[in-house]
Amino acid sequence: MEVGAASRAGICIFISIFSLLFFLSSAEISAKVGVNYGLLGDNLPSASRSVRLIKRLKAGRVKLYEPNPEILRALKGTKLQVSIMVPNQQISNISKSQKVSDQWVKNNVVPYYPETMIRYVLVGNEVLSLYDQKQSWPDLVPAIRRIKGSLRKFHIHKVKVGTTLAMDVLESSFPPSNGTFRSDISGSVVRPLLQFLNRTKSFFFLDVYPYFPWSSQPQYIKLDYALFEGGNLTYADPGSGLTYTNLLDQMLDSVVFAMKRLGFPDIRLWIAETGWPNGGDIDQIGANVHNAATYNRNLIKRLNAKPPVGTPARPGSVLPTFIFSLYNENQKGGPGTERHWGLYYPNESMVYPIDLTGEAPESEYPPLPAPENNAPYKGKIWCVVAERANKTELESALTYACGQGNRTCDPVQPGRNCYKPVSLVRHASFAFSSYWAQLRSSGATCFFNGLAVQTTKDPIVNLADVGLEKTVTLFLALGNGNGYGSCKYPSITL
């Protein structure tokens, strides 16, 4: 049917308005890559120096894990969009009181806004992954609503509110089309969360790390597929018919399908955390500078592609992203990888060169060190006292280790075969190795708040106590690997 002039004019106006709205929407979710700025280190640069380092990365955004006043002041007047976080332990109180919520916004947003470009408030960090905080799960969405209401009260309308969730909110993620939220949270927490995000046009903030599924099943998942280096490697989802060329897209789309299954097919994704560890423990495969640089550089090229690449389930969509993390943080607990996600060392040198705009040609980068642990380590590993361990802390850690497991420290009791020579370092090293060997399968790590390290060298019993006053001396066992006499240090064998 022919369209009249007036109708054509109306259509043109409609298209112009639609294009403008699309442009504004695209501007709102520009592809500027940001960085996560954590503070779990005792040797990190000051806030002002850190902001300079963030700018050196050419980051467009920064996410803070707390509303740190010094950092928020240092970000004043920059063009960096800022995300701040409500700590997990404050969620329940905020959920129960609008007054408490108002006070939080008054203290942590109002003094800095708009000079500091706060654009996102995230209520809690991976709350639905923390079973020891399960009592706060029903409070999550009410707290999110309270914070949104408080922002409106103070006439702050450009700040989106949400929460960060990890991949373990899914009970099924493979194939991606089978993505399903866990039954214990699907109806009670996730559905009302999605309703809020949909109504306020906010984002589903997701922490997504291809390193973890790859490192847990390297025999089934190709490393190149996880690093965006797969070439002709593809996976065809039998449920959707979509073809995948990398692991990250599979993980993201599993969440897309999970949201669709609950009736919310259009909520936008935001990658709140992703990255690859640049180091780790001996028993952690593939954590090295080569892989970290490869993953992050390839990811940044994809995120900055024009037109946007999106994912197979959402082709052409923009994926705003925060890379994890700004620094290697030496006070993070858990396995060694937890302390090795940074783009910078605490001394302000880059772990490897990177430009978050993706504009720097890779030909300008120096060669990366060859990866040395892309295959699993095979052999024995012990857990021993680290150099410069604090004596008081070491005594407490020894007491703790001996109190765990099954007769963990019996061999270092008076009269037993590992008691002499008497040495705090020696006894603690034995206790750490015994504890770790017994409980590693249950999630125990060789860390002890930085007092312990893994070693492939069998520690001899003759560990001098001078380690606490001067230095720790470790001698290698010879012959049959025995330590001192009939004493043997427990170990794990991979």
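What comes next concerns the included structure.

Assignment of secondary structure puts Tyr295 in helix 11 (residues 289–303). The contacts of Tyr295, once residues within four sequence positions are left out, are Pro210, Ala226, Leu227, Phe228, Leu248, Thr274, Gly275 and Trp276. Side-chain polar atoms of Tyr295 contact the side chain of Thr274, separated by 2.7 Å.

This part takes up the packing of helix 5 (residues 98–108) against helix 6 (residues 140–153). In contact at an axis separation of 8 Å, helix 5 and helix 6 are set at 60° when each is read in the N-to-C sense. What the angle tells us is that helix 5 and helix 6 run oblique. As for how helix 5 packs across helix 6, the hand of that crossing is right-handed. Between helix 5 and helix 6, the residues in contact are Gln98, Ser101, Asp102, Trp104 and Val105 and Arg146, Ile147, Gly149, Ser150, Leu151 and Lys153, respectively.

Right, let's talk about the sheet that holds strand 16 (residues 452–455) for a bit. An order of 16-15-17 is seen for the three strands of this open sheet, with the pairing classed as antiparallel. Only two strands of the sheet have a single neighbouring strand rather than two, namely strand 16 and strand 17 (492–493). Pairing analysis gives four bridges linking strand 15 (residues 380–385) to strand 16, with the strands arranged antiparallel. Bridging from a neighbouring strand, Val385 pairs with Ala452 of strand 16. In the packing of helix 13 (residues 424–439) onto the sheet, contacts are made with strand 15, strand 16 and strand 17, and the angle to strand 15 comes to roughly 135°.

Turning our attention to the state of the cysteines. Per the counting criterion, the structure on display carries three disulfides. The partner cysteine of Cys402 in its disulfide is Cys409, sulfur to sulfur 2.0 Å. Between Cys402 and Cys409, the disulfide has an S-S torsion of -90° and is therefore left-handed. Exposure remark for Cys409: the relative accessible area of 3% places this residue in the buried category. Once the disulfide-bonded cysteines of the protein chain are ranked by sequence position, their pairing pattern turns out to be 1-5, 2-3, 4-6.

This part covers the layout of surface pockets. For the largest pocket, the calculated volume is near 690 Å³. Lining of the largest pocket is provided by 27 residues; of these, Asn125, Glu126, Glu273, Lys332 and Glu338 occupy positions nearest its centre. Of the residues belonging to the lining of the largest pocket, the class tally is 15 nonpolar, four polar and eight charged.

Reading the values: rules and limits
- Position numbers for residues count from 1 along each chain, tracking the sequence in the order it is written.
- The predicted nature of this model means local features are confined to residues of pLDDT at least 70 and side-chain atom pairs, given and counted, to a pLDDT of 80 or more, with totals for whole chains, interfaces and linings taken over all residues.
- By convention in this description, side-chain values take in all heavy atoms of the structure and omit both hydrogens and water.
- Think of it this way: any DSSP run of H or I at least four residues long counts as a helix, any run of E at least two long counts as a strand, and we number them from the N terminus.
- Two residues form a contact once any of their heavy atoms are found within 4.5 Å.
- Between N or O atoms, a polar contact is any pair within 3.5 Å; within protein, one atom must be a potential hydrogen donor and the other a potential acceptor, and residues adjacent in sequence are included only when both atoms are from side chains.
- Throughout, an axis means a line fitted to C-alpha atoms (over the contacting stretch in the case of helices), and angles, computed between N-to-C directions, take values from 0 to 180 degrees.
- Note on angle classes: values under 35 degrees are labelled roughly parallel, values over 145 roughly antiparallel, values of 65 to 115 roughly perpendicular, and the remainder oblique.
- By convention the crossing between two helices is left-handed if the near helix lies anticlockwise of the far one by an angle smaller than a right angle, and right-handed if it lies clockwise.
- Pairing between two strands is assigned when DSSP locates at least 2 bridges connecting them.
- Throughout, disulfides are identified as pairs of cysteine sulfur atoms within 2.5 Å of each other.
- Each residue is assigned to one of three classes by its accessible area relative to the maximum for its type, calculated with a 1.4 Å probe on protein chains only: buried under 20%, partly exposed between the two thresholds, exposed over 50%.
- Cavities and pockets are found on a 1 Å grid laid over the protein atoms alone: a cavity is a set of points where a 1.4 Å probe fits but cannot escape, a pocket is an open set with protein on both sides within 12 Å along at least five of seven lines, and a lining residue has an atom within 4 Å of such a point.
- Grid points are joined across faces, edges and corners, and a volume is the space filled by probe spheres set on the points.
- Charged residues are taken to be Asp, Glu, Lys and Arg, nonpolar residues to be Ala, Val, Leu, Ile, Met, Phe, Trp, Tyr, Cys and Pro, and polar residues to be all remaining types, Gly included.

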